[in-house]
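Observations on chain architecture
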Amino acid sequence: QVQLVESGGGLVQAGGSLRLSCAASGRTFSRYAMDWFRQAPGKEREFVAAISWSGGSTYYSDSVKGRLTISRDNAKNTVYLQMNSLKTEDTAVYYCAAAGALVPEWIFIMGEEAEYWGQGTQVTVSS
C-alpha cells in the first residue's frame with residue numbers, strides 16, 4: 001500500500017509560479033513511476049506529466065510542455081511539479097498517482113494504469 005499526499009496548491013495570478021509536492025509513504029517509493037493528473041470543473045481528468053522511478057524518463061502533455069516540470073527525490077519519497085508561466089486554463093484539482101514499475105525507465109500516462117492516487121490539491125490561476 002502506498003499513501004500519497006499532495007500539497008502546494010493555491011491561488012496565483014496568470015504568469016505566476018507554484019510548486020506542487022506529492023509525499024509518498026508505505027511501500028518502496030523508488031520502484032513506482034509517478035504521474036500528475038488534473039481535473040477542471042465540468043471536465044474529465046487529464047494527464048499532465050509522468051516520471052519513471054529512476055527519474056531518467058519524463059513525458060508531458062502538449063498543453064503543459066515547456067511550462068511545467070516534473071521531478072522526484074527518491075530519498076525524500078517525494079515527487080514535484082514545478083509550474084511556471086501559469087495560465088487560467090491550468091486551474092484544476094491536481095492529483096498525483098503511482099504505479100509499480102518493473103523497469104527503471106517505464107512511465108504511464110493513462111489513469112487506468114495508476115494503482116494509487118492522492119486526494120488532490122486545488123490550483124487556481126486568476127487573470
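Residues numbered from 1 in each chain as written. Predicted model: local features only at pLDDT ≥ 70, side-chain atom pairs only at ≥ 80, totals over all residues. Heavy atoms only, no water.

**Digging into the sheet that holds strand β8 (residues 78-83)**
Spatially, the 4 strands line up as an open sheet ordered β1-β3-β8-β7, and their pairing is antiparallel. One side of each edge strand has no neighbouring strand; the edge strands of this open sheet are β1 (2-7) and β7 (68-73). When strand polarity is set aside, the average angle formed by the axes of neighbouring strands in this sheet is 15 degrees. As paired elements, β1 and strand β3 (residues 18-26) share 6 bridges and run antiparallel to each other. In the strand pairing of β3, Glu6 is matched with Cys22. (Pairing = 2+ DSSP bridges. Helix = DSSP H or I, 4+ residues; strand = E, 2+ residues; numbered from the N terminus. Axes fitted to C-alpha atoms, helices over the stretch in contact; angles between N-to-C directions.)

**Some details on the environment of Asn77**
By the element assignment, Asn77 lies in the loop between β7 and β8. A sequence separation of 73 residues divides Asn77 from Leu4, and the C-alpha atoms of the two residues are 9.8 Å apart. Those residues in contact with Asn77, other than ones at most four positions away along the chain, are Cys22, Ala23, Ala24 and Phe29. (Contact = heavy atoms within 4.5 Å.)

**Focus: the pairing of strand β9 (residues 92-100)**
The sheet contact formed by strand β4 (residues 32-39) and β9 spans 8 bridges and is antiparallel. In the strand pairing of β9, Gln39 is matched with Val93. As defined by bridge partners, β9 adjoins strand β11 (residues 121-126) across 3 bridges and the pair is classed as antiparallel. Among the inter-strand pairings, Ala92 is bridged to a residue of β11, identified as Val123. Where β9 and strand β10 (residues 116-117) come together, 2 bridges link them in antiparallel fashion. Paired with Ala97 across the bridge in β10 is Trp117.

On their own, these measurements won't tell you what the molecule is for.
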